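Residues per chain are reported as follows:
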Number of protein chains: 2
Amino acid sequence: MTVTTPAGFRSAGIAVGLKSTGKPDLALVVNDGPAPASAVVFTSNRAQANPILWSRKVADNGPARAIILNSGGANCFTGDFGYETTRLTAEAVAAQLGEADAAERVLVCSTGLIGTGDQSFRDKIVNNVPELVARLAADDTTAPAAILTTDSVEKTAVHTGEGWTIGAMAKGAGMLAPGLATMLVVITTDAMLDDAALDRALRGATAPSFDRLDSDGCMSTNDQVTLLASGASGVTPDEAEFAAALVQVCDSLAAQLQADAEGASHDIDIEVRGAASEADAVEVGRSVARNNLFKAAIFGNDPNWGRVLAAIGTTDAAFDPYQVDVSFNGVRLCHAGAPDRPVSECDLTPRRTHVEIDLFAGAHTATIRTNDLTHDYVHENSAYSS
Amino acid sequence: MTVTTPAGFRSAGIAVGLKSTGKPDLALVVNDGPAPASAVVFTSNRAQANPILWSRKVADNGPARAIILNSGGANCFTGDFGYETTRLTAEAVAAQLGEADAAERVLVCSTGLIGTGDQSFRDKIVNNVPELVARLAADDTTAPAAILTTDSVEKTAVHTGEGWTIGAMAKGAGMLAPGLATMLVVITTDAMLDDAALDRALRGATAPSFDRLDSDGCMSTNDQVTLLASGASGVTPDEAEFAAALVQVCDSLAAQLQADAEGASHDIDIEVRGAASEADAVEVGRSVARNNLFKAAIFGNDPNWGRVLAAIGTTDAAFDPYQVDVSFNGVRLCHAGAPDRPVSECDLTPRRTHVEIDLFAGAHTATIRTNDLTHDYVHENSAYSS
């Protein structure tokens with residue numbers, strides 16, 4: 001169990017033919033309360049899919065009743081017809097839950113190829129909502145598989161607090177849209193918390209976790225992270241304690257997304273230290289995470305510190321490029337603008353790779369998670385839609 | 001002949017053992033006047049190689065007398081020793097030219113792996129300056145080959161005006177540092193123009209040419225474009241005419257760099273139309289040029305317009321994402337936020353690829369040149385320094 005680990009939730013996942021493989025592709029999570037609350041964060045891409053446009057409105061309407069998610073098609077840039085499909089999907093869920101007037105409280109997520117969302121796509125989803133609802137169960141294990149696209153494994157996380165729990169499922173072969181697979185996350189809790197408290201906790205938890213996962217620099221049109229609370233435990237946790245637990249859950253999911261990133265052979269943690277601000281640390285780390293030459297070097301097990309310096313030199317962060325230290329897997333290769341230890345001392349064959357950059361400009365730090373640039377990444381993303 | 005096509009210049013290129021292949025790796029261009037003038041533009045990367053740090057000072061000292069360029073080592077992040085190597089190189093050139101006090105008028109460029117610049121590197125360059133100077137000739141053809149790194153062909157351009165000429169050579173397997181090969185350009189002219197006129201013309205010419213070539217998004221630590229005028233023609237061209245000629249020369253070199261980009265199988269021109277400003281058009285085009293999913297799709301001959309929209313949605317440019325047209329090689333695939341012509345009508349097998357994006361937000365336009373993301377790119381850049 002994952003999203004149904006907390007009390008007050010039912011879920012289900014089925015195959016409706018959206019995926020050519022015949023694998024499960026439609027999932028539903030229903031919040032049965034008794035004190036439903038919710039918070040949602042969306043992609044910051046201005047090009048947004050129809051389910052994002054719809055769900056933004058739902059999020060403004062107060063606690064969400066349910067969230068339905070499909071893989072096998074992003075329903076993005078499919079025009080008014082696509083938006084209508086999203087609305088009809090929410091209406092079908094509400095009708096089947098016996099709350100025909102509650103469609104505007106049903107969140108919708110889609111993931112897959114942009115431009116996919118025709119009549120057949122609509123029919124497969126809408127016509128199968130009754131079966132999906134009929135399969136809802138409080139001990140369901142089928143939902144996490146139904147939201148996957150190019151993912152090779154299910155991603156879930158659970159946290160047990162004092163009298164309350166958090167459950168979560170995620171999909172995405174890297175945040176920020178490898179293969180436009182996009183990232184979708186559903187987190188549930190039976191804690192008793194209101195929308196505002198959930199929103200604070202969710203924004204606080206996504207910033208240092210998902211927001212710092214940058215597998216391939218490509219931002220999705222369909223990303224959505226949803227947090228649903230049922231209140232079924234009857235326990236209101238300490239807000240700081242809940243926030244810390246949520247960070248842990250999001251961090252676990254971010255690590256799972258990184259570990260399953262399309263085509264990757266290295267999971268790279270870029271730790272920036274000594275930054276004048278946290279924003280500077282993030283900017284410096286991200287500039288390295290998005291540098292194709294650095295990423296290709298890691299694929300080749302080459303601790304190419306020169307590419308790190310070339311990348312961070314493009315930022316506006318406060319530091320002196322000739323006073324920076326760069327270490328790979330604990331070996332300091334560059335010190336104060338010149339070569340330090342020989343690169344031969346550094347072994348990059350393990351999948352986990354740790355790059356440490358000390359800017360000597362302050363006391364702030366941040367870690368960006370990324371992956372290497374590999375032949376398999378190119379292959380998967382040159383062949384995805386053909 | 002290239003940089004020696006204009007009167008008043010001599011050049012030479014020799015092999016001094018910086019490259020493991022034994023190919024030519026040291027070049028020199030000397031401006032014999034009678035009315036020397038120069039202008040230089042440098043990489044905007046804050047992480048700058050020692051020859052850049054040196055040449056910035058030279059550029060402030062008035063007309064440059066000569067420029068010496070080596071491949072086989074970037075002399076970047078090599079500390080004080082590396083800077084001293086650059087200074088000694090300039091001094092050796094000045095001494096051999098019989099102007100021992102003129103070292104501060106000798107520009108230096110280096111290209112190759114960052115962190116390379118030890119005693120052996122220094123000795124090979126400095127000790128071979130006498131031979132290099134001895135080989136200087138007004139009908140030289142050896143200089144362009146000596147500045148290449150991963151380039152597969154020499155890049156040169158010539159323009160003939162009324163009584164004056166422009167010659168040029170370039171290296172770089174893509175602007176902005178594929179393999180940290182970096183881009184170096186030397187342009188000569190026998191026109192009679194002063195430093196200020198050359199500077200205006202050079203900045204005006206690099207902005208729409210080299211600055212809009214973005215092969216892999218990675219900015220170099222060693223990029224330098226140098227324009228030297230000898231005045232040997234005795235002709236002062238109309239400034240607008242000279243500027244237009246210089247744009248043509250730079251544009252030709254930019255196209256040659258794109259065509260020889262590391263591992264590329266497509267030369268992609270991203271034409272942005274209907275932008276509210278030229279800056280918006282450049283920003284939108286660059287966001288697509290730097291999107292790995294788009295670049296991998298082109299490699300797979302997949303006209304994936306969804307990835308174009310996902311990329312431009314991350315910009316701050318003024319436009320409505322749901323009112324954008326996207327065409328590939330003349331076939332409009334997306335119109336007003338929905339699919340238009342079937343992708344099967346679009347043939348991406350030719351190397352030249354034209355992507356047109358109409359933002360319907362104004363009258364401005366810009367074209368960014370880029371390349372696709374291929375297995376060969378990953379291969380070359382994962383194996384470069386190992």
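Residues numbered from 1 in each chain as written. Chains lettered and ligands numbered in written order. Predicted model: local features only at pLDDT ≥ 70, side-chain atom pairs only at ≥ 80, totals over all residues. Heavy atoms only, no water.

- With an unreviewed UniProt entry as reference, chain A is termed Arginine biosynthesis bifunctional protein ArgJ, source organism Leucobacter chromiireducens subsp. chromiireducens.
- On record in UniProt, under Subcellular location (unreviewed entry), the comment for chain A is "Cytoplasm".
- According to UniProt, the comment filed for chain A under the heading Subunit (unreviewed entry) is "Heterotetramer of two alpha and two beta chains." (UniProt positions renumbered as here; feature names shortened; annotations may be inferred.)

A few points about the overall build of chain A
Argument step 1. When helices and strands are tallied, chain A shows 11 helices and 15 strands.
Argument step 2. A globule of 386 residues ought to have a C-alpha radius of gyration of about 21 Å, and chain A, at 22 Å, matches this closely.
Argument step 3. C-alpha extents for chain A along the principal axes are approximately 70 × 50 × 30 Å.
Argument step 4. Here the analysis covers contacts within chain A between residues at least 6 apart in sequence; of these, 80% occur between residues at least 24 apart.
Argument step 5. Accessible area for chain A stands at about 12400 Å²; split by element, carbon and sulfur atoms hold 50% of it.
Argument step 6. Charge centroids of chain A, computed over 27 positive and 49 negative side chains, lie 4 Å from each other. (Helix = DSSP H or I, 4+ residues; strand = E, 2+ residues; numbered from the N terminus. Rg over C-alpha atoms; globule rule 2.2 N^0.38 Å. Contact = heavy atoms within 4.5 Å. Areas by Shrake-Rupley, 256 points an atom, 1.4 Å probe, with all protein chains shown as cover. Lys, Arg positive; Asp, Glu negative; His and termini not counted. Charge placed at Lys NZ, Arg CZ, Asp CG, Glu CD.)

Quick look at the interface of chain A and chain B
Argument step 1. Contacts between the two partners involve 54 residues from chain A and, on the opposite side, 54 residues from chain B.
Argument step 2. For the pair chain A and chain B, the two sides together bury roughly 4300 Å², of which 60% comes from carbon and sulfur.
Argument step 3. The largest share of the area that chain A buries against chain B comes from Arg 46, Phe 77 and Leu 293 of chain A, three residues that together contribute 18% of it.
Argument step 4. Our count for the contact surface shared by chain A and chain B stands at zero salt bridges.
Argument step 5. Linking chain A with chain B are nine residue pairs in polar contact (both at pLDDT 80 or more).
Argument step 6. Per-element tally for the side of chain A that touches chain B: the top contributor is helix α11 (residues 375–383) of chain A, with six residues.
Argument step 7. For the side of chain A that touches chain B, a count of residues per class yields 27 nonpolar, 22 polar and five charged. (Buried area = accessible area lost by both parts, 1.4 Å probe. Salt bridge = Lys/Arg side-chain N within 4 Å of Asp/Glu carboxyl O. Polar contact = N/O pair within 3.5 Å; in protein donor to acceptor, adjacent residues only side chain to side chain. Nonpolar A, V, L, I, M, F, W, Y, C, P; charged D, E, K, R; others polar.)

Description of the environment of Arg 203 of chain A
All names here are of chain A.
Argument step 1. Structurally, the position occupied by Arg 203 is in helix α6 (residues 195–206).
Argument step 2. Given the relative accessible area of 46%, Arg 203 is considered partly exposed.
Argument step 3. Along the sequence, Arg 203 and Gln 96 sit 107 residues apart, while their C-alpha atoms lie 32 Å from each other.
Argument step 4. Those residues in contact with Arg 203 that lie beyond four places of it in its chain are Val 40 and Val 41. (Buried < 20%, exposed > 50% of the residue type's maximum accessible area, 1.4 Å probe, protein only.)

Observations regarding helix α10 (residues 305–312) of chain A
Argument step 1. Burial analysis of α10 of chain A places eight of its eight residues in the buried class, which makes it a mostly covered element.
Argument step 2. Buried within α10 of chain A are the following residues: Trp 305, Gly 306, Arg 307, Val 308, Leu 309, Ala 310, Ala 311 and Ile 312 of chain A.

Focus: the environment of Thr 367 of chain A
All names here are of chain A.
Argument step 1. Its location among the elements puts Thr 367 in strand β15 (residues 364–371).
Argument step 2. On the accessibility criterion, Thr 367 (33% relative accessible area) is partly exposed.
Argument step 3. Put simply, Thr 367 and Thr 142 are 225 residues apart on the chain and 33 Å apart in space, counted from C-alpha to C-alpha.
Argument step 4. Those residues in contact with Thr 367 that sit more than four places away from it in its chain are Arg 212, Asp 269, Ile 270 and Glu 271.

What about the pattern of salt bridges?
Residues and elements named next belong to chain A.
Argument step 1. Evaluated as defined, the whole model comprises 36 salt bridges over all chains.
Argument step 2. Notably, a salt bridge pairs Arg 135 with Glu 131, separated by 3.0 Å at the nearest N-O pair.
Argument step 3. Among the ionic contacts, a cluster of salt bridges with common partners joins Arg 10, Asp 32, Arg 65 and Glu 99.

Topic: the sheet that holds strand β2 (residues 26–31) of chain B
Residues and elements named next belong to chain B.
Argument step 1. Strands sit in the order β1-β2-β4-β5 across an open sheet of four strands; the sheet is mixed. Two strands bound the open sheet, and with one partner strand each, they are β1 (9–14) and β5 (106–110). Averaged over all pairs of adjacent strands, the angle between their axes in this sheet comes to 10°, without regard to strand direction.
Argument step 2. The sheet contact formed by strand β4 (residues 66–70) and β5 spans five bridges and is parallel. From the neighbouring strand, Ile 67 faces β5, where its bridge partner is Leu 107. (Pairing = 2+ DSSP bridges. Axes fitted to C-alpha atoms, helices over the stretch in contact; angles between N-to-C directions.)

Here's the deal with the confidence of the model for chain A
Residues and elements named next belong to chain A.
Argument step 1. When the pLDDT values of chain A are averaged, the result is 89; 96% of them are 70 or greater.
Argument step 2. Ranking the helices and strands of chain A by mean pLDDT puts helix α4 (residues 129–134) first, with 98, and α11 last, with 85.
Argument step 3. In the model, residues 174–181 has pLDDT below 50 throughout and makes 46 contacts with residues more than four positions away in sequence or in other chains.
Argument step 4. For this predicted complex, the interface score ipTM comes out at 0.80, alongside a pTM of 0.81. (pLDDT = per-residue confidence, 0-100.)

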